[in-house]
Amino acid sequence: MNKEWLNKRPLKQQLLVLVTGIVVAAIVIFAVENSMMHRKIVLDTYARSTHTQLDAIRLGLEIGLEQEDFQSIEEILSWVRRNDNIEYMMITDEEDEVIAIYPDSVAATLSDIEKISTDVATKEDQFVRSTTWYSDISGVGNLYIVFNTKYLRQAEQQAVFRIMILASFLIIGTGVSSFLIAQGITKPLESLQKVTQLVSSDSLDTRANENAGSLELQAVAASFNAMLDKLDHAQTKRIEEMEQYNQSLEQQNIKLIQAYDALDQQRKKLEEESKRATIALEKLKSAQVQLIQAEKMASLGQLVASVAHELNTPSGAIYSAINEISKDYVEIMDDTATLVNQLSPRDGLIYLNSLKRIIVNTQNLSTVEIRSLSQELAKILEQTNLSNVNYHARLLAQVGFSPELTTEIFPLLSSKYGELVIRSLHNIGMSRIHIRDIEIAISRIIHLVKALKTYSRIDSDSFGVTDIAQDLNNTLIILNNKIKRAITVHKEFDALPKVRCYPGRLNQVWTNLIHNSIQAMKGKGDIYLRLKKIDDNHFCVEVEDNGPGIDPDILPNIFEPYFTTKEMGEGTGLGLSIVKDIIEAHHGTIQVTSQPGKTVFKVTLPISNDFPKKNSVNPIQDDNIDKGQIRAKN
Amino acid sequence: MVGTSSMFGQTSTDSIAVIVNSSIDHPDLSKEQLLNIYTLRARNWKNGVRVVVSDYKGNPILREQFYNYLGTNIKTIKKIWLKAQFTGRITPPQTVDSIQEMIELVVNHPGTIGYVPLSQVPESVNVLIILSHE
């Protein structure tokens, strides 16, 4: 952190901190070392001096007592009193009994002295010295002196204090001098820096002071000035060049302005043209909308034609069947009246019984079956008196009269009313068959109407769920009149969950693709209609035909709008383009592969489209449907 | 010291006169008071002058006899003196080598007390007490 901080400071402060730091460290080390040394020396000296003092006192006391010079003893004692470093003094006799003690205020005994002696290790400011002494009054006794080091300590503290004062002076001195030195180094640098700043703010006239700072810095300033001279010169030259360049630029500028004016006029012309083009484009767009609508109407027209045809066939069948029945019933009424009057009660019962059997029989026999049945019945009828056996056998066979039943009514047939019975049975049977034909026709109409209903319900631009397989079937039903003649549809449907989509639009896709196939095959051939589940969220519908195929040259263009191979006026050319738009609106894809005998359109779609796109073709339709639904509810 | 020994040639039965500088007058000094003075306990005379005790050096018969009269001995007195000196509150005793010296001391220094054989008492001093056998 410290280093970082230091590096960010100006050079002056760095030098100041560095020099002051070194000096302070040196002084501290010196002071500590010095005071420790001092202490050691003083302690040694003091220890030695205490021995000397002890000996001197001992000698003084011994001589003073020997000569009985109490004045000299007094002198020694007064010296002791003056001497602050002697704490206690005590003399004992040969039995170590205390003779005298200094000072008398302290009632010290020998044990106290001994205590002090043992405490020396812990109590540094006192220590005991002792020696033997001799006098006539004491014999060989001891002299104890307790010295203190209090004053030593004071002296030491004074020394440390002096060193500290000295050190403070040194530190201040060093600080000031290093500040001055740093100033001496950095001031020329700062002036150089100021000059460079001025130069960088485009004032090349400024020059650095070449006479400030050390020799090196003066040299730097001088060469910097030389560099500035060169720069100044170069800049003057460049300014001249720039002026020339500016003049030529001005001339060019005038030319450019003229060119711009010309361009502006052209631009205005272009704008006008662009406006005209925009208007034309809008016209085209509206034309396209009209065309799309026309395509829709065209396919609707085809649908209506197809449905009309589909309705026409069973209607015709019903009409002719009803005609037949009414004709039959005239004969039946006549014949029945005759037979009721002429037949015996037994034969009447047999006749009625056979009538019931005929009415109940609903089996529809083919031409081949009728022929073989007719031959079989002819053999039975040969045994009767009937004239035209084969004719009568065919009449019975046409209504599905079995040989067993023929045998049953044999007596009746052999009678003179045989022909009448056969004709009557035939007529009743035929009317039954006609009724069955009506049933079939009506059921076909119901089927178609149902499909149409579903188809029309979903032929809207509303979003919902639908069963694709059912939609494909309905489409096939609606296109049935175009298929049934010579086209076989092979259906291969996988099971598929209901799909979220615009069902009406997808129906348009299926109708378009199947219708295209039918047209491509000129109404003859095989269509393979496949519904495949690809994965959990994708399925595909393939429409394959074995027609002549699409020319490879035009294959890439078939989805382009207005592209058609049909005769003028036959198609809008929008069919496949709309198909592609619808599929892409469902986030699906359409692919086509084609070769003679095999053309496949493959539509791949997601099963659940969660974001319905607002219809773009005709929003008014939805509105109408909504109103219709509301009306229906009411 | 041979010369000096002849000066202390008295017998043990001689009486000893305790003399004091003429500035001091204390006629009825008792033995106990004298002992107090020589054990350095009494420090001033009645008139406030400082007591200066003088004594002989060594162990002459006169000195032994003097302390004998006071019921003590030289060694004990010296111990007492040393002890008193350590306290630092007394005037140290003056010691002399001869009777003549002591007389000069007593005569010339106020407050000084000394002792001489009764026979040698000079005129210019006051005698405080005469010590002799009963």
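Structure: see above.
On a predicted model such as this, the values are computed, not experimentally measured, just so you know.

Q: Before we move on, could you go through the overall build of chain B and cite the residues and values that matter?
A: If you tally the helices and strands in chain B, you get five helices and five strands. Listing every helix and strand of chain B by position from the N terminus yields α-β-α-β-α-α-β-α-β-β. Evaluated residue by residue, chain B yields a buried proportion of 46% over its 134 residues. Taking all contacts inside chain B whose residues are at least 6 apart in sequence as the whole, residues at least 24 apart take part in 76%. Of the roughly 6,400 Å² that chain B leaves accessible, carbon and sulfur atoms contribute 49%.

Q: Help me get a handle on empty space enclosed by the protein, residues and values and all.
A: All names here are of chain B. In the structure shown here, the tally under the stated rule is three cavities of 30 Å³ or more. Considering only enclosed or pocket space, the largest cavity measures out at about 50 Å³ in volume. Along the walls of the largest cavity sit I37, L40, A42, R43, V51, V53, I90 and T91, which together make up its complete lining. Per-class residue counts for the lining of the largest cavity are six nonpolar, one polar and one charged.

Q: Give a description of the environment of S72 of chain A that names residues and reports values.
A: All names here are of chain A. Looking at the element boundaries, S72 is found in helix α3 (residues 70–82). Its relative accessible area of 22% is what places S72 among the partly exposed residues. For the pair S72 and L61, spaced 11 residues apart in sequence, the C-alpha separation works out to 8.5 Å.

Q: Please set out the packing of aromatic side chains residue by residue, giving values where relevant.
A: All names here are of chain B. By the definition in use, this model includes seven aromatic pairs over all chains. Centre to centre, the rings of Y38 and F66 are 4.9 Å apart; their planes meet at 70 degrees, and the pair counts as edge-to-face. Of this pair, Y38 sits in helix α2 (residues 31–38) while F66 sits in helix α3 (residues 61–69), placing them 28 residues apart in sequence. Accessibility assignment for this pair places Y38 and F66 in one class, buried.

Q: A description of the environment of K453 of chain A should follow, citing residues and the corresponding values.
A: Mapped onto the fold, K453 of chain A is located in helix α12 (residues 418–458). A sequence separation of 21 residues divides K453 of chain A from N474 of chain A, and the C-alpha atoms of the two residues are 9.6 Å apart.

Q: So what's going on with the pairing of strand β3 (residues 126–135) of chain A? Which residues, and what values?
A: Residues and elements named next belong to chain A. Counting buried residues in β3 gives seven out of 10 residues, a clear majority hidden from the surface. Pairing analysis gives 10 bridges linking β3 to strand β4 (residues 139–148), with the strands arranged antiparallel. Residue pairing in the sheet places F127 in a bridge with F147 of β4. Hairpin connection from β3 to β4: three residues lie between these consecutive antiparallel strands.

Q: A description of the interface of chain A and chain B should follow, citing residues and the corresponding values.
A: Counting from both sides, the interface comprises 22 residues of chain A and, opposite them, 19 residues of chain B. Among the residues of chain A in contact with chain B, E68, F70 and I137 of chain A are the three that bury the most area, contributing 36% of the side total. Joining chain A to chain B, the criterion identifies three salt bridges. The tally of links between chain A and chain B comes to seven residue pairs in polar contact (both at pLDDT 80 or more). Elements with a minimum of two residues in the side of chain A that touches chain B: α2 (11–66), α3, β1 (86–92) and β2 (98–102) of chain A. With six residues, α3 of chain A is the single largest residue contributor to the side of chain A that touches chain B. Here the residues of the side of chain A that touches chain B are counted per class, giving 13 nonpolar, two polar and seven charged.

Q: If you had to explain the sheet that holds β2 of chain A to someone new, which residues and values would you point to?
A: If you trace the four strands from one edge of the open sheet to the other, you get β2-β1-β4-β3 (chain A), paired in antiparallel fashion. Looking along the sheet, the strands with just one partner apiece sit at the ends: β2 and β3 of chain A. Adjacent strand axes in the sheet meet at a mean angle of 15 degrees, parallel and antiparallel pairs treated alike. By the bridge criterion, four bridges tie β1 of chain A to β2 of chain A in an arrangement that is antiparallel. In the sheet register, I91 of chain A faces β2 of chain A, and the bridge partner there is A100 of chain A. In the packing of α3 of chain A onto the sheet, the strands contacted are β1 and β2 of chain A, and the crossing angle to β1 of chain A comes to about 145 degrees. Together, β1, β2 and β3 of chain A form the strand contacts of helix α4 (residues 74–87) of chain B, whose direction differs from that of β2 of chain A by roughly 20 degrees.

Q: So, a nonpolar patch on the surface: which residues are in play, and what are the values?
A: Residues and elements named next belong to chain A. A surface patch of nonpolar side chains, amounting to about 320 Å² of accessible area, comprises L11, I181, I185 and L189. Considering each element in turn, the nonpolar patch owes the most residues, three residues, to helix α5 (residues 150–200). Considering the arrangement of structural elements, one finds L11 in helix α2. Look at L11 and you get partly exposed, because its relative accessible area is 39%.

Q: Describe in detail the environment of T593 of chain A, supporting the description with residues and values.
A: Residues and elements named next belong to chain A. Tracing the chain through its elements places T593 in strand β10 (residues 589–595). Each C-alpha atom, one on T593 and one on L555, is 8.6 Å from the other, the two residues being 38 residues apart in sequence. In contact with T593, not counting residues within four places along its chain, are K598, T599 and V600.

What counts, and where the lines are drawn
- Residues numbered from 1 in each chain as written.
- Chains lettered and ligands numbered in written order.
- Predicted model: local features only at pLDDT ≥ 70, side-chain atom pairs only at ≥ 80, totals over all residues.
- Heavy atoms only, no water.
- Helix = DSSP H or I, 4+ residues; strand = E, 2+ residues; numbered from the N terminus.
- Buried < 20%, exposed > 50% of the residue type's maximum accessible area, 1.4 Å probe, protein only.
- Contact = heavy atoms within 4.5 Å.
- Areas by Shrake-Rupley, 256 points an atom, 1.4 Å probe, with all protein chains shown as cover.
- 1 Å grid on protein atoms, 1.4 Å probe; cavity = no way out; pocket = protein on both sides within 12 Å on 5 of 7 lines; lining within 4 Å.
- Points joined across faces, edges and corners; volume = space filled by probe spheres on them.
- Nonpolar A, V, L, I, M, F, W, Y, C, P; charged D, E, K, R; others polar.
- Phe/Tyr/Trp six-rings, centres within 6.5 Å; stacked < 30°, edge-to-face > 60°.
- Pairing = 2+ DSSP bridges.
- Buried area = accessible area lost by both parts, 1.4 Å probe.
- Salt bridge = Lys/Arg side-chain N within 4 Å of Asp/Glu carboxyl O.
- Polar contact = N/O pair within 3.5 Å; in protein donor to acceptor, adjacent residues only side chain to side chain.
- Axes fitted to C-alpha atoms, helices over the stretch in contact; angles between N-to-C directions.
- Patch = residues over 30% accessible without salt bridge, like charges linked within 9 Å, V, L, I, M, F, W, Y side chains within 5 Å.

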